[in-house]
Amino acid sequence: MIGIATYFAFGCFALALLMNLWKIVTAPDVADRILALDTMFINAIALMVLYGLALGSAIFFEAAMIIAMLGFVSTVAYARFILRGNIIE
Amino acid sequence: MDSLFEFLVSAFLVIAGIFGIVGSFGLLKLDDPMSRLHAPTKATTLGVGGVLLASMLNAAAFGEYFSMHELMITLFLFLTAPITAHFIAKVHIHRQETRETMPAAGEDDHWATHDTPEDEERRNAAADPADL
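Enquirer: Mind showing me how you'd approach the nonpolar core here?
Expert: The nonpolar side chains of a soluble globular protein tend to be buried, and buried together. Counting 24 residues, the largest nonpolar core has Ile45 and Val49 of chain A together with Leu13, Val48, Val51 and Ile73 of chain B as the members making the most contacts within it. Of all elements in the fold, only helix H1 (2-26), helix H2 (30-55) and helix H3 (59-84) of chain A together with helix H1 (2-29), helix H3 (38-61) and helix H4 (69-96) of chain B reach the threshold of two or more residues within this core. Core analysis: the second largest hydrophobic core is formed by 19 residues, Val30 and Ala79 of chain A together with Ile88 and Ala89 of chain B among them.

Right, here's the structure in full:
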């Protein structure tokens with residue numbers, strides 16, 4: 001049962017990643033692109049944790065944590081660059 | 001007892017997957033930029049929360065270890081999602097809106113995102129002319 005549910009979740013998040021990619025290509029403005037990239041980061045965390053669950057290993061949690069931090073920092077840096085033309089003033 | 005945990009983990013995974021796909025589908029489907037902000041910041045964050053809960057339950061019930069790392073990631077994501085949403089909304093105000101299209105800013109004459117250096121100088125000069 002868990003196996004089928006894991007495959008279902010894998011499929012959902014993979015499809016979500018593809019939708020985000022499509023949004024990045026067709027986005028009308030930079031704000032949407034930042035949003036889609038941030039969502040891709042979050043979906044990548046989910047996929048990584050799912051992979052760890054499927055393999056029964058705890059190694060992927062550290063990687064997921066690092067991706068979560070990188071995603072936050074890069075989203076804020078991108079938004080700040082658009083807002084101020086500079087990241088650290 | 002084992003089948004109960006199995007059911008719980010599977011339910012969390014399915015719910016998380018549905019939330020994740022709804023978040024990204026909303027990003028494609030909604031047509032106003034500020035409505036588009038809702039879908040990923042709420043639904044996708046919940047979806048990841050579900051995956052992390054399922055992973056924690058799974059490790060505690062069937063694995064040989066019990067870890068709280070997932071809770072840390074969940075907490076971090078729930079803390080940072082509103083901040084990123086706020087920044088993206090500010091980018092939208094900065095690029096798509098003008099002072100005329102924004103709603104009234106209360107006692108100020110415009111929103112801080114539209115502030116220019118000249119505005120700041122004018123405000124400082126008006127606030128305390130004696131100090132200058």
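Enquirer: I tried to follow the domain arrangement of chain B on my own but got confused; where do I start?
Expert: The parts lose accessible area when they come together, and the size of an interface is often stated as this lost area. The domains assigned to chain B are domain 1 (2-96) and domain 2 (99-132). A straight line from the C-alpha centre of domain 1 of chain B to that of domain 2 of chain B covers 38 Å.

Enquirer: For this particular structure, what's the right way to read a nonpolar patch on the surface?
Expert: All names here are of chain B. On the surface, Ile15, Phe19, Leu46 and Phe78 cluster together into a nonpolar patch covering about 360 Å² of accessible area. The residue phenylalanine 78 is located in helix H4 in this model. On the accessibility criterion, phenylalanine 78 (44% relative accessible area) is partly exposed.

Enquirer: How do you make sense of the interface of chain A and chain B when you look at a structure like this?
Expert: Counting residues at the interface gives 46 residues for chain A, matched by 50 residues for chain B. Across the chain A to chain B interface the summed buried area is about 4,200 Å²; carbon plus sulfur atoms make up 80%. Ranking the residues of chain A by area buried against chain B places Leu35, Phe61 and Leu83 of chain A at the top, with a combined share of 15%. Here chain A is connected to chain B by two salt bridges. A salt bridge links aspartate 29 of chain A to arginine 95 of chain B, with the nearest nitrogen and oxygen atoms 3.2 Å apart. Across the contact surface, chain A and chain B share five residue pairs in polar contact (both at pLDDT 80 or more). Elements with a minimum of two residues in the side of chain A that touches chain B: H1, H2 and H3 of chain A. Among the elements that line the side of chain A that touches chain B, the one with the most residues is H2 of chain A, at 15 residues.

Enquirer: Honestly, the packing of aromatic side chains in this entry has me stumped. Any pointers?
Expert: The description of two aromatic rings rests on the distance between their centres and on the angle between their planes. In total, this model carries two aromatic pairs over all chains according to the counting rule given. Taken together, a centroid distance of 5.1 Å and an interplanar angle of 70° make the contact between tyrosine 51 of chain A and phenylalanine 60 of chain A edge-to-face. For tyrosine 51 of chain A, a relative accessible area of 40% puts it in the partly exposed group. Taken together, a centroid distance of 6.2 Å and an interplanar angle of 85° make the contact between phenylalanine 72 of chain A and phenylalanine 76 of chain B edge-to-face. Of this pair, phenylalanine 72 of chain A sits in helix H3 while phenylalanine 76 of chain B sits in helix H4, which puts the two residues in different chains.

Enquirer: What am I meant to see in H2 of chain A here?
Expert: What sets the pattern is the α-helix's 3.6 residues per turn: residues three or four places apart point alike. Look at H2 of chain A: 37 Å from first C-alpha to last across 26 residues, which is about the 38 Å you get at 1.5 Å a residue. Phi for glycine 56 of chain A, located one or two positions after H2 of chain A, is positive at around 70°.

What counts, and where the lines are drawn
Residues numbered from 1 in each chain as written. Chains lettered and ligands numbered in written order. Predicted model: local features only at pLDDT ≥ 70, side-chain atom pairs only at ≥ 80, totals over all residues. Heavy atoms only, no water. Core = buried A, V, L, I, M, F, W, Y, C linked by side-chain atoms within 4.5 Å. Buried < 20%, exposed > 50% of the residue type's maximum accessible area, 1.4 Å probe, protein only. Helix = DSSP H or I, 4+ residues; strand = E, 2+ residues; numbered from the N terminus. Domains from an automatic or database assignment. Patch = residues over 30% accessible without salt bridge, like charges linked within 9 Å, V, L, I, M, F, W, Y side chains within 5 Å. Areas by Shrake-Rupley, 256 points an atom, 1.4 Å probe, with all protein chains shown as cover. Salt bridge = Lys/Arg side-chain N within 4 Å of Asp/Glu carboxyl O. Contact = heavy atoms within 4.5 Å. Buried area = accessible area lost by both parts, 1.4 Å probe. Polar contact = N/O pair within 3.5 Å; in protein donor to acceptor, adjacent residues only side chain to side chain. Phe/Tyr/Trp six-rings, centres within 6.5 Å; stacked < 30°, edge-to-face > 60°. Expected span 1.5 Å × (residues − 1).

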